[in-house]
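Observations on chain architecture
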Amino acid sequence: MRTRFTEAFGVEHPIVQGGMMWVGRAELVAAVADAGALGFITALTQPTPEDLVREIARCREMTDKPFGVNLTILPSITPPPYAEYRAAIIESGVKIVETAGSNPVDHLPFFKDAGIKVIHKCTSVRHALKAERVGVDAVSIDGFECAGHPGEDDVPGLVLIPAATRKLRIPVIASGGIADSRGLVAALALGADGVNMGTRFMCTVESPVAQRVKEQIVANSELDTKLIFRTLRNTARVAANAVSREVVEIESGGAEFADIAHLVAGARGRTVFEEGDIDAGIWTSGQSQGLIDDIPTVAELVDRMISEAETIITGRLNGIVAAKAGVRV
Ligand SMILES: Cc1cc2nc3c(=O)[nH]c(=O)nc-3n(C[C@H](O)[C@H](O)[C@H](O)COP(=O)(O)O)c2cc1C
């Protein structure tokens, strides 16, 4: 499958593994690269910019295929040293960056000067257009179904992606709710040049989270997510569990961040992933959980998605067109 995205970014398949806090480490990203898709190391998972440099080097030892780094720029009371992480990415010689969280305009000139291609991940058509205007090379657009931050507009991918692709000139990656070949074909039909997946890649053999978490994703249905931080206008879609239910309950009574801070601490979420105690804290997962029934290797997942997508296009869809034309199939 060749799209404007595969051509521009030099990857074999139109499939991206987006940045994932605590999950986007070298093991997963190298496996994604080896499978011919585009993976992103998550910069802020590394405690310091120096650790990020080491993680990038570790990933290079595992694969000779291209991969990128995600830099998530979220509003924060004590922001991480973004400029130092940015410098670490540039010095490491990585040539693809995924920005997310807020407008990348302050960082873009530095990446452009270093010959780095930037995919900006956002959640609305207006933000995608703004990113195009400031010069990013592609956008990833997260629909309401997605894991993590879906924004506050609540527009699902089925509307959001075609609303975006009919206005944008740069390549568009559809993100959120995609976990299999049907999602890939649908995204291409909606005008996208590729797909981005988080939850599906988190539930693979190479993903560095506890087996118990992967089993819980398989067990969960599309109903088993919660939207937290709605009342703070910083919505996040996370797995339903004892902690996320409690957060939603407290928020429904009118809460300030201080009332829930102890429940949503990042360190608690990290414990979930490292120790497999699924009620230890908040952990990110999307509605695409409902489409996930197994824990394949990354290569099995990518190969399956591509071969099944080709079968859907040349078989079922072609059959529908042929049947309409009166051809026996
Ligand atoms: C565990 C987890 C952590 C994530 N952390 C980040 C992050 O730090 N930065 C970011 O831009 N996106 C993050 N995301 C969002 C993904 O990159 C992707 O946009 C999203 O998962 C797409 O929706 P899907 O899960 O339905 O495929 C995270 C997703 C998951 C599942």
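We now turn to the structure provided with this report. (Residues numbered from 1 in each chain as written. Predicted model: local features only at pLDDT ≥ 70, side-chain atom pairs only at ≥ 80, totals over all residues.)

1. A short note on helix α3 (residues 49-62)
To keep things clear, this is the line we draw: Here a helix means four or more residues in a row that DSSP labels H or I, a strand means two or more in a row labelled E, and each is numbered from the N terminus. Take the residue count of a helix, subtract one, and multiply by 1.5 Å to get its expected span. Any residue whose C-beta has 12 or fewer other C-beta atoms within 10 Å is treated as exposed, any with 20 or more as buried, and any in between as partly exposed, C-beta atoms being built from the backbone. What the arc covers is the set of directions going from the helix axis to the C-beta atoms. Any two residues are considered in contact once their C-beta atoms, placed from the backbone, lie within 7 Å.
If you check α3, its first and last C-alpha atoms are 20 Å apart, about what 14 residues at 1.5 Å a residue would give, namely 20 Å. Looking at α3, one finds that the buried residues are Pro49, Leu52, Glu55, Ile56 and Cys59. For α3, the arc enclosing every buried residue in end-on projection is 105 degrees, short of the 170-degree limit, so these residues lie on one face. Facing away from the buried surface of α3 by more than 90 degrees, the exposed residues are Glu50, Ala57 and Glu61. Looking at the packing, one finds that the buried side of α3 touches α2 (26-34), β2 (38-42), β3 (68-72) and α4 (82-92).

2. Re the packing of helix α11 (residues 242-252) against helix α12 (residues 257-264)
Let me state the cut-off plainly: Lines fitted to the C-alpha atoms define the axes, with helices restricted to the stretch that makes contact. Angles between their N-to-C directions range from 0 to 180 degrees. An angle below 35 degrees is read as roughly parallel, one above 145 as roughly antiparallel, one from 65 to 115 as roughly perpendicular, and any other as oblique. Gly falls in the polar group here, along with every residue not listed as nonpolar (Ala, Val, Leu, Ile, Met, Phe, Trp, Tyr, Cys, Pro) or charged (Asp, Glu, Lys, Arg).
At a closest axis distance of 10 Å, the pairing of α11 and α12 adopts a crossing angle of 180 degrees. In terms of orientation, α11 lies roughly antiparallel with respect to α12. Residues Val243, Glu246, Val247, Ile250 and Glu251 of α11 touch α12, and the partners they reach there are Asp259, Ile260, Leu263 and Val264. In terms of residue class, the contact of α11 with α12 is built from six nonpolar, no polar and three charged.

3. Considering the sheet that holds strand β4 (residues 96-100)
Worth spelling out the cut-off: Being paired, for any two strands, means DSSP has found at least two bridges between them.
Taken together, the eight strands give a closed barrel; going around it, the order is β1-β2-β3-β4-β5-β6-β7-β8, and neighbouring strands pair in parallel fashion. On average, adjacent strands in this sheet sit at an angle of 25 degrees to one another, irrespective of strand direction. One ladder, built from two bridges, connects strand β1 (residues 15-17) with β2; its direction is parallel. Looking across to β2, one finds that glutamine 17 is bridged to glycine 39.

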